[in-house]
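Chain residues, written in single-letter form:
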Amino acid sequence: MSAVVRKFTRSVPEWRPRVVPVKLEEASEAQLDALSVTPSGTKVSDYVLTLAHDVESLKVRSPLFNAIMYDKGGMSRAEREIGAIGASMVNHCIYCAAVHAARHAQLENSPEITDRLFLDGSAAKLPDRDRAIFEFAVALSEAPPEAGPERMQALREAGLDEAEILDLILSTALFGWANRLMHVLGDPVRSDGGEA
Amino acid sequence: MSANETTLATAGIGETGPASAAVALRSDIFEMTAVAENAVLRPKETGRWPHPLRAALAARIAALNGVGDLAVRYALEAGDFAGLANPASNGAAEGLGPVLAFMDKVAVETRNVVATDISALQDTGVADADIVRLSELNAFLAYQIRVVAGLRLMTEGKP
């Protein structure tokens, strides 16, 4: 038995689809072609096989995802992860939050920031720059977006330049996208029992 | 409408002016964004959702998020489905009530989406592939709306 994970965690859960994923052995040529451009290594995940139902979207999404999160210049990778985490906390995407909190902790060699975020949410005590970034990401992720001039001003006062601000907008917006796939099309689960 | 100009044109970003230098540094991302827009709004394989219906749903999501001018742009492509772009319409007359309820919830109450929201669509005969297509459309719009909103904040008050 597996239990749905309902609390934020850095321990990445499994993902159980709510629809039937494409079966690799039954995949069309177009689906196989789209699957080959995902950064999935040898095993194709249920998530990617689920998205293979819409090959045209899957094919364009992976390169865009990689460019926004990993391209050189602009905002640091760890700070882009804060954008991803802010969006995922607003949308309550447990799986995305776990993956990107774990990545942030790895990049920073410290779990401190994400510990605080998961424990205290918007009341978390953060360094000024991280606070400005997180609060902007949260506000932009609300629906409708709630980010206003004061949040933009806070980013500038925290020392972000225009290229960094654009990278934050892109990484936060990207997780508005990712959350609406991961959180909508499946459940985060643990197979070792117990409601996490 | 060209997908190449939707995001930046709606945000009011030109080749010069505020934010244009930062956007130029990420020009590949904006080009890929345009490709993604075509993939969800104007795909070759539409499944159950023809292009005009997709445009109506996109316009509806933009309207629900308060981005009226993006809604107007997409509504121009909505053809016979244009009425659905108005969030006040419930889609019952078109037999799309459950689809609109799902799309509205995913767009603005994302955190509250649960397994039964998917099974409710399945119960009305919507195929899994078409549920994924709806989710991809919704998800892309969430991204585009926030890129537009963020870019506007970058340029606000700047000459």
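Please read these numbers as outputs of a predicted model, since none were measured by experiment.

A short note on the domain arrangement of chain A
All names here are of chain A.
Part 1 of the reasoning: Segmentation of chain A into domains returns domain 1 (3–69 + 185–190) and domain 2 (75–178).
Part 2 of the reasoning: Between domain 1 and domain 2, the C-alpha centre-to-centre distance is 23 Å.
Part 3 of the reasoning: Of the residues lining the interface, 13 residues belong to domain 1; the matching set on domain 2 comes to 16 residues.
Part 4 of the reasoning: The element that contributes the greatest number of residues to the side of domain 1 that touches domain 2 is helix H3 (residues 55–70), accounting for three residues.
Part 5 of the reasoning: In the side of domain 1 that touches domain 2, the residues fall into nine nonpolar, two polar and two charged.

Regarding the packing of helix H4 (residues 51–64) of chain B against helix H8 (residues 128–155) of chain B
All names here are of chain B.
Part 1 of the reasoning: Contact pair H4 / H8: the axes reach a minimum separation of 10 Å and the direction vectors enclose 45°. Taken as axis vectors, H4 and H8 run oblique relative to one another. Classified by chirality, the crossing of H8 by H4 is right-handed. For the pair H4 and H8, contact is made by Arg-54, Leu-57, Ala-58, Ile-61 and Ala-62 and by Leu-137, Asn-138, Leu-141 and Ile-145, respectively.

Digging into the confidence of the model for chain B
Part 1 of the reasoning: Per-residue pLDDT for chain B has a mean of 95; in total, 96% of the residues score no lower than 70.
Part 2 of the reasoning: Among the prediction metrics, the complex's ipTM stands at 0.96, with pTM recorded as 0.96.

Considerations on helix H5 (residues 68–75) of chain B
Residues and elements named next belong to chain B.
Part 1 of the reasoning: Those residues of H5 that sit buried are Leu-70, Ala-71, Tyr-74 and Ala-75. Down the axis of H5, the sector holding all buried residues measures 135°, keeping them to one side. Away from its buried face, by an angle of more than 90 degrees, H5 presents the exposed residues Gly-68 and Asp-69.

Some details on the interface of chain B and chain A
As a measure of interface size, the accessible area lost when the parts come together is often cited.
Part 1 of the reasoning: Opposite the 48 residues of chain B that make contact, chain A presents 45 residues.
Part 2 of the reasoning: Contributing elements (two or more residues each) for the side of chain B that touches chain A: helix H2 (20–25), helix H3 (27–41), helix H6 (97–108), helix H7 (115–123) and H8 of chain B.
Part 3 of the reasoning: With 20 residues, H8(B) is the largest single contributor of residues to the side of chain B that touches chain A.
Part 4 of the reasoning: Per-class residue counts for the side of chain B that touches chain A are 31 nonpolar, seven polar and 10 charged.

Thresholds, definitions, all that
Sequence positions are assigned chain by chain, starting from 1 and proceeding in written order. Following the order in which they are written, the chains are lettered starting with A and the ligands numbered starting with 1. Since the coordinates come from a predicted model, pLDDT governs what is reported: local features require at least 70, and pairs of side-chain atoms require 80 or more to be given and counted, while whole-chain, interface and lining totals use all residues. For each domain, the first and last residues come from an automatic or database assignment. We call two residues in contact when the distance between their C-beta atoms, placed using the backbone, is within 7 Å. Counting from the N terminus, the helices are DSSP H or I runs at least four residues long and the strands are E runs at least two residues long. We call Asp, Glu, Lys and Arg charged. Ala, Val, Leu, Ile, Met, Phe, Trp, Tyr, Cys and Pro are nonpolar, and the rest, Gly among them, are polar. Angles here are taken between N-to-C directions and fall from 0 to 180 degrees, while the axes themselves are lines fitted to C-alpha atoms, restricted in helices to the stretch in contact. Any angle between 65 and 115 degrees counts as roughly perpendicular, while under 35 counts as roughly parallel, over 145 as roughly antiparallel, and the rest as oblique. By the definition used in this description, the sense in which the near helix is turned from the far one sets the handedness, with an anticlockwise turn below a right angle giving left-handed and a clockwise turn giving right-handed. Note on scores: pLDDT gives the predictor's confidence for each residue, bounded by 0 and 100. Any residue with 12 or fewer other C-beta atoms within 10 Å of its own C-beta is exposed, any with 20 or more is buried, and the rest are partly exposed; the C-beta atoms used are placed from the backbone. Within this analysis, the arc is defined by the directions that extend from the helix axis to the C-beta atoms.

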